[in-house]
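Structure at a glance
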Amino acid sequence: MRCCSSRWPQALRVPVDADWGGEISTRKSTSGGIVLCGQAVCQSWARIQATISLSSAEAEYYTMTSGTMEGRFAQSILIELGMGQLAVRLETDSSSAKAFAEHPGVMRMKHMEMRKLFLKDLIREKVIEVRKIKGLQNASDFLRKAVDIAAFRRSRDEVPGFVTQTKEELKLKAEST
């Protein structure tokens, strides 16, 4: 049985992004992402990565791995609820991390933990689909760093389930009532 079957999405969208070395005191990177089922936000996160990445591609790849785990978790919940199995579509603005994930082997990142390489297997087995998106279209951009008001509004508008308002918008709303 599917809820709203005429508008039920084909896949869970999982836009992810990383801020390489953004944590000043430790130089660890921040991962952020959103799991979207159509217009609904299933989950969002922003957290410091456990390891220090040696490149932005590595930080982005770790974020893609986190996004994969979060997307698969949401996928399993929907299956348990009898909503059917949706594909997981990972979205990243990092060409190098996407290429690393899709290419067999460790390429130039032999130092990476082997457990993080499971994403490569899921892509090869077509369990996870990865799409390249433009940085300006990445809805998870504001989860990992401070952004200006225009970037915040753009990211917020990409995710209809977020109803966060800026101070300016709250002030205008209060004045109009």
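Below you will find a few notes about this structure. (Residues numbered from 1 in each chain as written. Predicted model: local features only at pLDDT ≥ 70, side-chain atom pairs only at ≥ 80, totals over all residues. Heavy atoms only, no water.)

Right, let's talk about helix H2 (residues 95-102) for a bit. Of all the positions in H2, only Ala97, Lys98, Phe100 and Ala101 are classed as buried. Seen end-on, H2 carries its buried residues on one side only, within an arc spanning 160°. Buried residues belonging to H2 abut helix H1 (56-80), strand S4 (87-92), helix H3 (118-124) and strand S5 (128-132). (Buried < 20%, exposed > 50% of the residue type's maximum accessible area, 1.4 Å probe, protein only. Helix = DSSP H or I, 4+ residues; strand = E, 2+ residues; numbered from the N terminus. Arc of directions from axis to C-beta. Contact = heavy atoms within 4.5 Å.)

The next thing to look at is the nonpolar core. Of all hydrophobic cores here, the largest spans 24 residues; its most connected members are Met64, Leu90, Leu119 and Ile128. If you list the elements that add at least two residues to this core, you get strand S1 (11-19), strand S2 (30-37), H1, S4, H2, H3 and S5. Among the elements that line this core, the one with the most residues is H1, at 5 residues. In this structure Leu90 touches Val14, Val16, Met64, Gly67, Thr68, Leu119, Ile128, Glu129, Val130 and Arg131, once residues within four positions along its chain are discounted. (Core = buried A, V, L, I, M, F, W, Y, C linked by side-chain atoms within 4.5 Å.)

Let us now look at the pattern of salt bridges. For the structure shown, the criterion picks out 6 salt bridges. Among the ionic pairs, Glu129 bridges to Arg131, the shortest N-O distance being 2.7 Å. Residue Glu129 is classed as partly exposed on the basis of its relative accessible area of 33%. (Salt bridge = Lys/Arg side-chain N within 4 Å of Asp/Glu carboxyl O.)

It is worth spelling out the pairing of S1 at this point. Burial analysis of S1 places 7 of its 9 residues in the buried class, the great majority of the element. Pairing analysis gives 5 bridges linking S1 to S4, with the strands arranged parallel. For Pro15, the partnering residue across the bridge sits in S4 and is Glu91. Bridge analysis of S1 against S2 gives 6 bridges, and the strand direction is antiparallel. (Pairing = 2+ DSSP bridges.)

Turning next to unusual backbone geometry. The phi angle at Arg27 is positive, at roughly 65°, despite the residue not being glycine. Take Arg27: it is sitting in the loop between S1 and S2. In this structure, Lys126 is a non-glycine residue whose phi angle is positive, near 65°. Mapped onto the elements of the fold, Lys126 is located in the loop between H3 and S5. Under the relative-accessibility criterion, Lys126 is labelled exposed at 73%.

So, to be careful, I would describe these as geometric facts and stop short of saying anything about function.
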